[in-house]
Amino acid sequence: MQMDKIFRKINKVVNSGILIKGIYFLPNNGATEEEIKLTNKTLPHSLSLEYQQFLKYWNGINLDIIRLFGCGNVEPPLSNLLENQFDYNNKGLVIIGSDPAGFLYAENKDGEILSIDTDGGEFHTVADNFTDFICDYLFGVHAHEFAGEDWLNELKDHQLI
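Below or above, wherever it landed, is the structure these notes cover.

Scoring rules and cut-offs
- Residues numbered from 1 in each chain as written.
- Predicted model: local features only at pLDDT ≥ 70, side-chain atom pairs only at ≥ 80, totals over all residues.
- Heavy atoms only, no water.
- Pairing = 2+ DSSP bridges.
- Helix = DSSP H or I, 4+ residues; strand = E, 2+ residues; numbered from the N terminus.
- Core = buried A, V, L, I, M, F, W, Y, C linked by side-chain atoms within 4.5 Å.
- Buried < 20%, exposed > 50% of the residue type's maximum accessible area, 1.4 Å probe, protein only.
- Contact = heavy atoms within 4.5 Å.
- Patch = residues over 30% accessible without salt bridge, like charges linked within 9 Å, V, L, I, M, F, W, Y side chains within 5 Å.
- Areas by Shrake-Rupley, 256 points an atom, 1.4 Å probe, with all protein chains shown as cover.
- Salt bridge = Lys/Arg side-chain N within 4 Å of Asp/Glu carboxyl O.
- Lys, Arg positive; Asp, Glu negative; His and termini not counted.
- Charge placed at Lys NZ, Arg CZ, Asp CG, Glu CD.
- Expected span 1.5 Å × (residues − 1).
- Arc of directions from axis to C-beta.

The next subject is the sheet that holds strand β1 (residues 61-62). Pairing within the open sheet is antiparallel, and its six strands lie in the order β1-β2-β3-β4-β5-β6. The strands lining the two open edges of the sheet, one partner per strand, are β1 and β6 (123-127). Sheet topology note: the strand β5 (residues 113-117)/β6 ladder contains four bridges and is antiparallel. Within β6, the position partnered with Ile-116 by the bridge is Phe-123.

As structure tokens, this is what we get:
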């Protein structure tokens, strides 16, 4: 199951010591089926099954370098994705997260993950799906595309790749 891969990767990252202590946050509860269903009704398309499974386990997360939004009743300091949609829904995108550099991350109707440069307005696909986004783009072999060679080397130093 792909979700096992995501959960293992996130737990490994959290336990590695690579993140700044006190900045990352994992909620105690996941979203309910009803919260996910109500959220999907409001969006231009349903969240991918992978993201829905993620929400059932962790209703959003803040991992210092990435914030992934939850739905329904999210624990502070996490954000609700419905409050973070901005003007991108008319492009068929659902904003699922952001990073400290000001980039937004969105799912299209096919489950691909796109990066949105909020300064220049450029969009580009960074992962074929949510699993690849977490396991390859953020914390894997393509992490240099996310945050440069230093980040990739730091992941290697912490034996995350």
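And the narrative resumes.
This paragraph deals with the nonpolar core. Judged by nonpolar contacts, the single largest core of 49 residues is most densely connected at Phe-54, Phe-130, Phe-133, Ile-134 and Phe-139. Listing elements by their share of this core, those giving two or more residues are α1 (2-16), α3 (49-57), β3 (94-98), β4 (103-107), β5, β6, α4 (130-138) and α5 (143-157). With sequence-adjacent residues up to four places away left out, Phe-130 is seen in contact with Ile-6, Glu-50, Tyr-51, Phe-54, Leu-68, Ile-96, Glu-107, Gly-111 and Ile-113.

Judged by side-chain charge, Glu-149, Asp-150, Glu-154 and Asp-157 come together as a negatively charged surface patch. Looking at where Glu-154 falls in the secondary structure, it is placed in helix α5.

In this section: α1. The end-to-end C-alpha distance of α1, which contains 15 residues, comes to 21 Å, matching closely the 21 Å that a straight helix rising 1.5 Å per residue would cover. Those residues of α1 lying buried are Met-3, Ile-6, Phe-7, Lys-9, Ile-10, Val-13 and Val-14. The arc that holds the buried residues of α1, viewed along the axis, is 165°, so those residues lie on one side. Projecting away from the buried face of α1 at angles above 90 degrees are the exposed residues Arg-8 and Asn-15. Against the buried residues of α1 lie α3, β1 and α4. Gly-17 sits one or two positions beyond α1 and adopts a positive phi of about 90°.

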